[in-house]
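# Chains, contacts and geometry: an overview
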Amino acid sequence: STPPVAGAMYAIDQDAAHSVSKCAGIYLCDFPPGISDQDLWGLLSQWGTIVSFERINQGGDEALAVEYEKWEAAKEARHALNYTSVRSRTVRCLLRSDLKAIRQSMLSGNRLMITNIDPKLESGGLFDVGCLFGHVLDCKIAGEKVASKRYGFLHYATLEEAVKVTGILNSMQVGDSVLSVQPFQWKDAQLFTGTHYSTHINRELSSGETAPFSSL
């Protein structure tokens, strides 16, 4: 089985919100291409009974939406898969119930663009740091692994958390680098893969329908 990531222990606000929403669906981003439906099903079914499974391709990025029979299975899958390595690629595992909120608050101050990140820091490490100060909906680091060319984002559930974190992290030394934090802008979106948060899934959530299993 896939071991849980160390960062899960810090995601207190995320777990508290999940225990209220009881969302049974997860959304996987950045997983490597070429994995068969059978292999994905085998990986994901170890945490519980799957009731729907859908592969989504948007803008060249492939994502996977999975609905479990029980929300506790989604929680365990998120803990185990978020920022873990699958075939040498770091995957992100979000709650499907958070997708609409992420899209709607992308440019409203909830998402922070962070630059000058230490080359040794990975996405899971930035997630750990971000979770110390609030409820992180999504987080990712990209860019070349050299000084001054590493950048990422933190996306908070509320604007208040994002404003607070900006004051804390801006000019803070993390590792060997001093972070710079600014509100995320639309031009920054092109720097990241796996951040389409498919509108198809949002329509599905708003209509209350369940996606069928699709074999692509």
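In case you missed it, the structure is sitting above this.
The notes below deal with the structure included here. (Residues numbered from 1 in each chain as written. Predicted model: local features only at pLDDT ≥ 70, side-chain atom pairs only at ≥ 80, totals over all residues. Heavy atoms only, no water.)

### Brief notes about the environment of Asn-170
Residue position: Asn-170 is located in the loop between helix 6 (159–169) and strand 10 (173–174). Considering only alpha carbons, one finds Asn-170 and Ile-114, 56 residues apart in sequence, at a separation of 8.5 Å. Excluding residues that lie within four positions of it along the chain, Asn-170 makes contacts with Val-165, Leu-179, Ser-180 and Val-181. (Helix = DSSP H or I, 4+ residues; strand = E, 2+ residues; numbered from the N terminus. Contact = heavy atoms within 4.5 Å.)

### A few points about the sheet that holds strand 7 (residues 111–115)
Taking strand neighbours across the sheet as the criterion, the four strands line up as 8-9-7-12 in an open arrangement whose pairing is antiparallel. Both edges of this open sheet fall to strand 8 (136–143) and strand 12 (180–183), since each of them pairs with a single strand only. Sheet twist, expressed as the mean angle between neighbouring strand axes with direction ignored, is 20°. In the sheet, strand 7 pairs with strand 9 (residues 150–156) via five bridges, with the strands oriented antiparallel. (Pairing = 2+ DSSP bridges. Axes fitted to C-alpha atoms, helices over the stretch in contact; angles between N-to-C directions.)

### Quick word on the packing of aromatic side chains
Across all of its chains, the model carries six aromatic pairs by this definition. With a centroid separation of 6.3 Å and 75° between ring planes, the pair formed by Phe-153 and Phe-184 is classed as edge-to-face. In this pair, Phe-153 is assigned in strand 9 and Phe-184 in the loop between strand 12 and helix 7 (199–207), connecting sequence segments 31 residues apart. By relative accessible area, Phe-153 is classed as buried at 0%. (Phe/Tyr/Trp six-rings, centres within 6.5 Å; stacked < 30°, edge-to-face > 60°. Buried < 20%, exposed > 50% of the residue type's maximum accessible area, 1.4 Å probe, protein only.)

### So, unusual backbone geometry
Backbone geometry places Lys-22, a non-glycine residue, at a positive phi of 50°. Accessibility expressed as a relative area gives 46% for Lys-22, which makes it partly exposed. The residue Ser-171 is not glycine, and still its phi comes out positive at about 75°. Here Ser-171 lies in the loop between helix 6 and strand 10.

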